[in-house]
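Reading the structure
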Amino acid sequence: MSNELNKEFNFSNQAPSQNTSTIQKTSSGDFDTVRLQYSLKKSWIGVLIIILLMVFLAFIYNRYTKPLFQASAIIQLEFNEEAQIVGLTSLNGHGQNAKSLSGEIEIIKSNVLYEEVLKQINLDVSYFFDGKILNDEKFGHETPFTILYSKDSNIIPFGLPIYITPQENNTVRISLEKNNRNTAIVSEYKKPITINGFTFSVVNNAHTVECLNQPYFITVNKQSTVVEYFNKNLIVKILNFEANTLGIYFADYNANKAKAITESVINIYLKKSIEQKQKSNAQTLAYINNQLDSTLHKLEDIESQMQALSEGSIFGNTSEAYQLITTQIDKYAQEEGALDEKLKLLEHLKMLITNNEELQNFLPELEGLGTSNLSSSITRLNLINQEFQKLKESNTSSTLSYKNKEIERNAIRNTILVNIFENKKILLEHLQDLDTKLTELKIELKKLPSKETGLVGLKRYYGLYEKFFLLLNQKKVEFETAKAGKVPDFLILSNPSINPTPITAKPIFIYTG
């Protein structure tokens, strides 16, 4: 046939001389359709055989390729900070979106979330219908029976198929070899069975009667295998940066399984997301309660002193000199109190960094320190900590990237500690200067009637602490209200659903090539 085609189209190296003029005419003019029709007429059988063969191969591929289904869902994210509601600012709140979409993707694809999914959906055992060519996995209500076993057992045949065939008379045939009746064990449902040291029981359900004498097999899965299966089949994409929308996709050969896992991932993510974002609540509330307790003790102490001084007091109107001195003392006392708060904040920050605690949700306000280097260094440390957490999930501590990131993290931590030390030194020097001035003013104040001076001073401090105590109580109520009424500003734009059309090659595309 190829010789005939070569002859017709003059594909041979030496063409007949009588066709030379025709070839030249054809090459310089239109395509010779008459000759093409003549050639096809002579070789139509070969063309027909090739077409039939391609159709047959397409049919075989379409018939014996398992369809892969994909479940999809779309969610929109936006969280508010309770700290901002009560007037406290986050360190990284200056134009930086701490709740970045990339961070949310890492939460969704984290092993912690996978473990919670496994608690909600039982994927320890996989059930399959044993087909002649393809195996069909059964999931949920499709399973013909349920396997029960102890996870504490020393012998668990992970990944080894165990063939199970439901039979009449409430019995089941079990074997480690396919279609081998000689080594099979016949047992009753719910009765413990031990094969090669592995003890389990088969529990029938409503679908068992429909599956009598049909071959099935099960495999017991390791948790690491299921986690790897999640990582392979779960895809999370950023659909729109401005709208904060994420697309969650999960693919599996069983459509119901893909949809169930997608629903579980979304439900657990929303729960975990709220828990993680409210971790800072305990820190903020502890800080407020600590300040309330401290202020309350100071108020009680001042009240006791005032009561002692008030007994038999002849306090009257104060002189102009006394007013000037007390006004100046009040001014320095406020400055001293502000410096004390800054020192407490720096000490608290030092403790967090020393204990390797999370800085992303560190809430005490540092804007008054006026140290841009410290704020930028902490922002940098937050980013490095996020990258370090990602490396810990995919790398061991012996890898070069892990060590380099750890060195980088330690370097920025040391830089922050040095900055804290320098800031504390400056604040302490300023505080010492204020103490000197206050001491001098108090010496002058002692020249006035001591009992009157003490009572007025105590009243002044009592008023300051009382205002601070009331302010803290107000902030606590606002915080608790915001916490109790916290609703995550996320919206499920598209509930988990299954596309009935497989994501594998469509039949029409297979046949049309």
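Residues numbered from 1 in each chain as written. Predicted model: local features only at pLDDT ≥ 70, side-chain atom pairs only at ≥ 80, totals over all residues. Heavy atoms only, no water.

Regarding the overall build of the protein
Here is the rule: Only DSSP runs of H or I with at least four residues qualify as helices, and only runs of E with at least two residues qualify as strands; both kinds are numbered from the N terminus onward. Buried means the residue's accessible area, taken with a 1.4 Å probe over protein chains only, is under 20% of the maximum for its type, while exposed means over 50%, and partly exposed covers the values in between. Any pair of residues with heavy atoms lying within 4.5 Å of one another is described as a contacting pair. Only the protein chains shown count as cover for residues, and all accessible areas are computed by the Shrake-Rupley method using a 1.4 Å probe.
Within the protein, the secondary structure is distributed over 15 helices and 13 strands. In the protein, which comprises 513 residues, the share counted as buried stands at 36%. Expressed as a percentage of contacts within the protein between residues at least 6 apart in sequence, the contacts between residues at least 24 apart total 75%. Accessible area for the protein stands at about 30,400 Å²; split by element, carbon and sulfur atoms hold 54% of it.

A look at the sheet that holds strand β12 (residues 245-252)
Put simply, the rule is: Paired strands, as defined in this entry, are two strands with at least two bridges between them according to DSSP. Inter-axis angles, ranging from 0 to 180 degrees, are taken between N-to-C directions of lines fitted to C-alpha atoms, where helices are fitted over the stretch in contact.
Pairing within the open sheet is antiparallel, and its four strands lie in the order β11-β12-β1-β13. Looking at which strands have only one partner, the edges of the open sheet turn out to be β11 (234-240) and β13 (491-498). Put simply, the sheet's adjacent strands are angled 15° from each other on average, direction ignored. As defined by bridge partners, strand β1 (residues 69-76) adjoins β13 across five bridges and the pair is classed as antiparallel.

Notes on a nonpolar patch on the surface
The criterion, for reference: Patches in this entry comprise residues that are over 30% relatively accessible and not in a salt bridge; like charges within 9 Å are linked, as are nonpolar side chains (Val, Leu, Ile, Met, Phe, Trp, Tyr) within 5 Å. Whenever Lys or Arg places a side-chain nitrogen within 4 Å of a carboxyl oxygen from Asp or Glu, that contact is recorded as a salt bridge.
Residues Leu-36, Leu-40, Val-47, Ile-51 and Val-55 make up a contiguous nonpolar surface patch of about 380 Å² in total accessible area. Mapped by element, the contributors of at least two residues to the nonpolar patch are α3 (33-42) and α4 (44-63). Positionally, Val-47 belongs in helix α4. For Val-47, a relative accessible area of 38% gives the class partly exposed.

Topic: the packing of helix α7 (residues 111-120) against helix α8 (residues 223-233)
The relative placement of two packed helices is expressed as an angle between their axes plus a distance between the axes. Worth spelling out the cut-off: Put simply, angles under 35 degrees are roughly parallel, angles over 145 are roughly antiparallel, angles from 65 to 115 are roughly perpendicular, and the rest are oblique. Each crossing is labelled by how the near helix is turned from the far one, with a counterclockwise turn of less than a right angle marking it left-handed and a clockwise turn marking it right-handed. The residue classification treats Ala, Val, Leu, Ile, Met, Phe, Trp, Tyr, Cys and Pro as nonpolar and Asp, Glu, Lys and Arg as charged. All others, Gly included, are polar.
Look at α7 against α8: their axes get within 10 Å of each other, and the N-to-C directions meet at 110°. As the angle between them shows, α7 and α8 are arranged roughly perpendicular. At the point where α7 passes α8, the crossing takes the right-handed sense. In this structure, α7 uses Asn-111, Tyr-114, Glu-115, Val-117 and Leu-118 to contact α8, whose residues at the interface are Gln-223, Val-226, Val-227, Phe-230 and Asn-231. Considered class by class, the residues forming the contact of α7 with α8 number six nonpolar, three polar and one charged.

Observations concerning the pattern of salt bridges
Applying the stated criterion across every chain, the model contains eight salt bridges. The partner of Asp-124 in a salt bridge is Lys-151, and the shortest N-O contact between them spans 2.6 Å. Here Asp-124, found in the loop between α7 and β2 (125-129), pairs with Lys-151, found in the loop between β4 (145-149) and β5 (162-167); they are 27 residues apart in sequence, far enough to count as distant. By relative accessible area, Asp-124 is classed as buried at 18%.

What to know about the nonpolar core
Applied cut-off: Among the buried residues, those of types Ala, Val, Leu, Ile, Met, Phe, Trp, Tyr and Cys that are joined through side-chain atoms within 4.5 Å form a nonpolar core.
Ile-108, Leu-123, Phe-230, Leu-246 and Tyr-269 are the most contacted members of the largest nonpolar core, which has 30 residues in total. Elements that contribute at least two residues to this core include exactly β1, α6 (101-108), α7, α8, β11, β12 and α9 (255-277). The contact partners of Tyr-269, leaving out residues within four places of it in the chain, are Ile-75, Leu-77, Glu-104, Ile-107, Ile-108 and Leu-113. Listed in part, the 21 residues of the second largest apolar core include Leu-349, Ile-353, Ile-416 and Leu-441.

Considerations on the environment of Glu-440
Within the fold, Glu-440 resides in helix α13 (residues 400-445). Separated by 111 residues in sequence, Glu-440 and Ile-329 place their C-alpha atoms 9.8 Å apart.

Quick look at the confidence of the model for the protein
Put simply, the rule is: Values of pLDDT, ranging from 0 to 100, describe the predictor's confidence in every residue of the model.
Taken residue by residue, the protein gives an average pLDDT of 77. The fraction at 70 or more is 77%. This stretch, residues 88-98, has a pLDDT under 50; its non-local contacts, to residues over four places away or in other chains, come to 20 contacts. Contacts from residues 312-318, a stretch scored under 50 in pLDDT, to residues over four places away or in other chains number nine contacts.

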